[in-house]
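# Coordinate analysis (summary)
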Amino acid sequence: MGIERGDREFCVSSSFKSSGQVSYELHDDVAVMTVNNAPVNALSLAIRQDLQANIERFDSDASAKAAVIVGAGKVFIAGADIREFKLPAIEPHLPDVIDRIEECTKPVIAAIHGVALGGGLEVALGCHFRVGVKGAKVGLPEVHLGIIPGAGGTQRLPRLAGYEKALEMIPSGAPIGTSDAKAAGILDHVSEESDAVAAGLAFARSVIDEGTPMRRCSQLVPAAVDAKMFEAAKLAVAKRARGQMSPVVGVEAVEVASQTSFAEGMEKEREMFMALKNSAQHRALSHAFFSDRALGKLPEIEGVAPRQLKAIGVIGGGTMGAGIATSALMNGLSVTLIERDEEALGRAKATIAANIGGAVKKGKLSADQEVRIFEEALKLSTDYGSLSNADLVIEAVFEDIEVKKQVFKQLDAVCKAGAVLATNTSYLDVDAIAAVTERPEDVIGLHFFSPAHIMKLLEVVVAEKTAPDVIATGFQLGKIMRKVAVRAGVCDGFIGNRILASYRTAADAIVMDGSTPFDVDEVMLEFGFAMGPYAVADLAGLDIGWATRKRKAPTLAPNERFFTFPDRLCEQGWFGQKTGKGFYIYENGARKGVPNPTVFEVLAEERKQKKITEQNLSKEQILERYMAAMVNEAAKVVEEGIALRPLDVDMTLIYGYGFPRWRGGPMQYADEVGLEKILNNIREYAREDDYFWQPAKLLEELVESGRTFADLNAGKGSQSATKTRENA
Ligand code: CAA
Ligand code: NAI
């Protein structure tokens with residue numbers, strides 16, 4: 001079949017067999033095309049072929065006067081099929097299918113429910129009218145995948161909704177609701193119907209009856225605009241994106257719409273889209289997208305129901321306990337918080353009140369919810385007996401194994417059968433804590449990050465005897481609290497803090513050998529971290545590391561390098577931000593500091609004492625060492641089964657340690673750099689320090705067999721990794 005349309009010919013091969021994933025059904029004189037590709041109607045090759053074929057059919061179907069495109073199931077269309085991005089692109093390409101929709105001689109209406117995202121919204125923009133049902137959302141989230149809309153979104157949206165709206169939606173990737181979309185002209189109508197087919201049919205009827213003129217977005221004349229607007233947008237977006245390219249390219253693509261014809265704009269959009277699609281940033285962000293969804297998919301909890309979770313207990317109302325309680329309360333759980341005395345309870349309540357008050361100010365909670373929290377949901381007590389009805393208790397007392405054991409003995413005595421007993425310990429042995437109870441199968445680590453009501457990461461630490469439904473409950477709590485839960489095993493520091501300790505040691509060595517903490521911080525900022533390791537140390541408090549070093553000093557291996565230069569700061573009472581001085585100086589409570597000049601003196605003295613010849617590492621060398629330490633320890637963490645897969649490490653570092661998402665996490669980054677290169681670097685560094693730089697067996701094994709961390713994520717060769725784990 002071939003249909004002449006101007007200078008273009010649209011062909012559907014006679015051998016093409018519809019997969020039936022887009023159905024065509026006449027409702028009187030209106031054709032309804034339903035896209036049916038569960039779960040989110042992604043625009044796979046089969047869908048594009050079917051859609052194109054059905055549009056041809058509609059255009060030549062004399063009994064149809066208008067067509068409605070809808071999605072089956074929960075959403076309209078969530079965009080291109082991201083899984084197909086790795087495969088060679090096969091015709092028909094989405095921009096051509098959308099052009100074909102737009103060029104139809106009869107009106108086509110998109111009836112949107114759930115979401116119309118990315119290519120889904122672009123399909124809708126190719127239609128002549130768009131109707132949304134209540135609760136629908138539309139958006140162009142491509143930047144989150146490191147790309148830009150590649151099927152006309154950057155050219156049609158500004159023509160339809162104006163440059164300002166396009167510059168708001170495309171670089172941010174944030175979806176908007178129906179009223180916003182209607183006000184911007186993206187939706188022609190918001191229906192009271194909840195059913196998209198009914199809403200679409202009613203709108204089609206009115207278009208047919210009233211002879212409403214068809215509107216093609218590509219033919220709309222863009223409004224005149226001051227070019228300065230794009231310059232300002234680029235600067236603002238680049239600052240926010242901190243190294244991520246796609247949001248800035250999104251602005252540039254919208255700018256193109258102001259400078260050229262639609263056809264030329266489409267070509268430029270394609271070029272920009274393809275360049276980004278072939279970039280490491282797109283690979284990294286796709287990896288992050290799928291990893292987010294893989295985190296909770298664990299064989300040990302597949303089909304396992306979590307235990308009931310309504311009332312929780314929190315022991316200790318300090319920094320972490322108050323934050324954890326806040327997070328639980330904000331997400332609808334009842335909380336009983338236990339402290340040692342009334343004074344400590346009062347402090348905890350004040351912290352929670354300040355946190356909740358802040359959330360109300362930001363519009364995250366209503367004033368009514370605030371009242372309900374303090375009148376009904378929060379109970380404060382010094383009596384462990386008040387925990388008898390708690391479904392789950394999280395201990396957040398001092399980081400001291402004896403104190404924790406004492407607390408768990410008390411919990412064992414008062415908690416109901418089946419209650420989950422969790423510890424928020426950062427480093428201590430969860431097995432040893434579980435062992436003091438009569439019910440170690442109910443004990444788990446739930447490691448939150450500070451501030452606990454804000455930070456997204458939750459390490460679910462599975463101890464030797466933890467029952468599967470207790471693990472499932474840990475993940476369920478993460479979901480309720482809107483955290484990103486990652487499974488971790490028991491070791492000193494679990495996944496995140498263990499890797500942190502390793503790259504901090506590498507950073508200290510870099511500094512001791514001639515660089516400054518400020519050099520290291522600068523390199524890591526340029527890499528994309530929100531803060532460098534020394535600014536982070538100042539924020540966390542230098543006293544924590546000082547105490548750890550004092551504990552560790554007597555147990556050092558003979559050839560282990562030990563870095564004490566931060567102690568010289570602590571000895572002067574400089575613990576970082578909280579004392580106004582640390583590696584940086586924070587004038588008048590400023591959150592961003594300036595380098596503390598004493599650091600240079602301290603370092604010079606320490607180097608002299610230890611007879612260290614200063615090396616002049618370049619920025620690249622600093623980065624290579626720092627990342628090699630991170631990747632090497634991360635590989636050990638996977639090798640030992642502390643992290644189930646490399647992707648669990650990647651998400652831990654992204655959500656808990658500020659690793660730039662657009663680099664995909666350390667393991668994804670290592671795959672991009674090349675594992676062989678990293679291993680060779682480690683072997684080179686080992687010539688100077690063979691205690692610290694011991695290559696991970698897994699890394700060696702992967703290099704030897706020519707595999708990557710991505711292969712392990714995909715289950716390729718995971719057997720060998722599992723074997724390594726069993727042998728560990
Ligand atoms: N392609 C392929 N698979 C997709 C997909 C897509 N665009 N969107 C979601 N999925 C998959 C998920 O991976 C998940 O698979 P598993 O069950 O195997 O893990 C499944 O669909 C369900 O997804 P969620 O778990 O995320 O379900 P949800 O109900 O929480 O959220 C959603 C639904 C809001 C649509 C969310 O999935 C989402 O935001 N998807 C991505 C949307 C997007 O980025 N679209 C742009 C694509 S790029 C593009 O369109 C380029 C272009 O210009 C042509
Ligand atoms: P904190 O010192 O701020 O608070 C501890 C609180 O526990 C104090 O208010 C204390 O009065 C109370 N407490 C002590 N013994 C108690 C008992 N027997 N019964 C009831 N309350 C008791 O300590 P923080 O920082 O909140 O740390 C708590 C735990 O969380 C530690 O295990 C720590 O390692 C861990 N953690 C800390 C993080 C941080 O950034 N501060 C991050 C993640 C975990």
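An unreviewed UniProt entry lists the protein under the name Fatty acid oxidation complex subunit alpha, with Pseudovibrio axinellae as the source organism. Quoted verbatim from the Catalytic activity (unreviewed entry) field of the UniProt record, the comment on the protein reads "a (3S)-3-hydroxyacyl-CoA + NAD(+) = a 3-oxoacyl-CoA + NADH + H(+)". The UniProt entry for the protein carries this comment under Subcellular location (unreviewed entry): "Peroxisome".

## Structural notes on the packing of aromatic side chains
Taken as a whole and assessed by the stated rule, the structure comprises 16 aromatic pairs. Considering the side-chain rings of Phe 449 and Tyr 657, the 5.6 Å spacing of their centres and the 80° angle between planes classify their relative orientation as edge-to-face. In this pair, Phe 449 sits in the loop between strand 17 (443–448) and strand 18 (457–462) while Tyr 657 sits in helix 25 (residues 646–657), placing the two residues 208 residues apart along the sequence. We note that Phe 449, like Tyr 657, is buried. Among the aromatic side chains, those forming a connected cluster through ring pairs are Phe 527, Phe 529, Phe 659 and Tyr 669.

## Quick notes on the state of the cysteines
Overall, the coordinates contain zero disulfides when judged by the stated rule. Counting only cysteine sulfurs, Cys 104 is the nearest neighbor of Cys 127, a cysteine outside any disulfide, at a range of 8.9 Å. By relative accessible area, which is 0% here, Cys 127 ends up buried.

## Considering the UniProt feature "domain: 3-hydroxyacyl-CoA dehydrogenase C-terminal" (unreviewed entry) in the protein
Summarizing the sequence annotation, UniProt attributes the feature "domain: 3-hydroxyacyl-CoA dehydrogenase C-terminal" (unreviewed entry) to residues 493–586 and 622–707 in the numbering used throughout. The annotated region residues 493–586 carries 56% helix and 2% strand content, and the separation between its end C-alpha atoms amounts to 29 Å. Measuring from the first to the last C-alpha atom of residues 622–707 gives 26 Å, for a span that is 67% helix and 0% strand.

## A short note on the site of ligand 2
Around ligand 2 sit 21 residues, and of these Met 320, Glu 339, Glu 399, Lys 404 and Ser 426 come closest. Within the backbone of Thr 319, one N or O atom sits 3.0 Å away from an oxygen atom of ligand 2. The separation between an oxygen atom of ligand 2 and a polar side-chain atom of Glu 399 is 2.5 Å. A total of 830 Å² of accessible area belongs to ligand 2 in isolation, and the protein chains cover 79% of it. Within the residue set of the shell around ligand 2, elements represented by two or more residues are helix 12 (319–330), helix 15 (401–414) and strand 17. The residue inventory of the shell around ligand 2, partitioned by class, reads nine nonpolar, eight polar and four charged.

## Quick word on the nonpolar core
Membership of the largest hydrophobic core comes to 99 residues, with the highest contact counts inside it found for Leu 411, Phe 583, Val 649 and Phe 709. Of all the elements, helix 24 (residues 619–639) adds the most residues to this core, at 12 residues. Val 22, Tyr 24, Cys 127 and Ile 186 belong to the second-largest nonpolar core, a separate cluster that totals 54 residues.

## Topic: the domain arrangement of the protein
The domain boundaries assigned to the protein delineate domain 1 (2–277) and domain 2 (309–488). Once you take the C-alpha centre of each, domain 1 and domain 2 turn out to be 45 Å apart.

## So, the site of ligand 1
Every one of the 26 residues lining ligand 1 counts as a neighbour, but Gly 119, Glu 122, Gly 150, Arg 293 and Lys 297 are closest to it. Protein contact buries 74% of the 980 Å² of open area that ligand 1 shows by itself. Among the elements of the structure, helix 3 (119–126) and helix 11 (280–294) are those that each provide at least two residues to the shell around ligand 1. Looking at the shell around ligand 1 element by element, the count peaks at three residues for helix 11. Grouping the amino acids of the shell around ligand 1 by side-chain chemistry returns 15 nonpolar, four polar and seven charged.

## Overview of unusual backbone geometry
With omega at 5°, the peptide bond leading from Ala 38 into Pro 39 counts as cis. Each neighbour pair has its own omega, and for Glu 91 with Pro 92 the value is 0°, a cis peptide bond. By the secondary structure assignment, Pro 92 is in the loop between strand 5 (66–71) and helix 2 (94–102).

Here is what the cut-offs are and how they apply
Counting starts from 1 at the beginning of each chain's written sequence and moves along it residue by residue. For this description, chains carry letters from A and ligands carry numbers from 1, given in the order in which they are written. Where totals are concerned, whole chains, interfaces and linings use all residues; where local detail is concerned, this predicted model gives features only for residues with pLDDT of at least 70, and gives and counts side-chain atom pairs only at 80 or more. Note: side-chain values were computed over all heavy atoms of the structure, leaving out hydrogens and water. UniProt positions are given in the numbering used here, feature names are shortened, and annotations may be inferred rather than shown by experiment. Pairs were defined over the aromatic rings of Phe, Tyr and Trp, the Trp ring being its six-membered one, requiring ring centres within 6.5 Å. Orientation was assigned from the angle between planes: stacked under 30 degrees, edge-to-face over 60, tilted for the rest. Every helix listed is a DSSP run of H or I at least four residues long, and every strand listed is a run of E at least two residues long, numbered separately from the N terminus. A 1.4 Å probe rolled over the protein chains alone gives each residue an accessible area, and that area as a share of the maximum for its type sets the label: buried under 20%, exposed over 50%, partly exposed in between. Whenever a pair of cysteine sulfur atoms sits within 2.5 Å, that pair is classed as a disulfide. Near residues are defined by distance, with any heavy atom within 4 Å of the molecule or strand qualifying the residue. Counting of polar contacts relies on pairs of N or O atoms within 3.5 Å, with two restrictions inside protein: one atom must be capable of donating a hydrogen and the other of accepting it, and residues adjacent in sequence are counted only when both atoms are side-chain atoms. Here the accessible surface of atoms and residues is derived via Shrake-Rupley with a 1.4 Å probe, and residues count as covered only by protein chains that are part of the display. Ten residue types, Ala, Val, Leu, Ile, Met, Phe, Trp, Tyr, Cys and Pro, are classed as nonpolar, four, Asp, Glu, Lys and Arg, as charged, and the remainder, Gly among them, as polar. The nonpolar core is taken to be a set of buried Ala, Val, Leu, Ile, Met, Phe, Trp, Tyr and Cys residues, with the residues joined through side-chain atoms within 4.5 Å. All domain edges in this entry derive from an automatic or database-based domain assignment.

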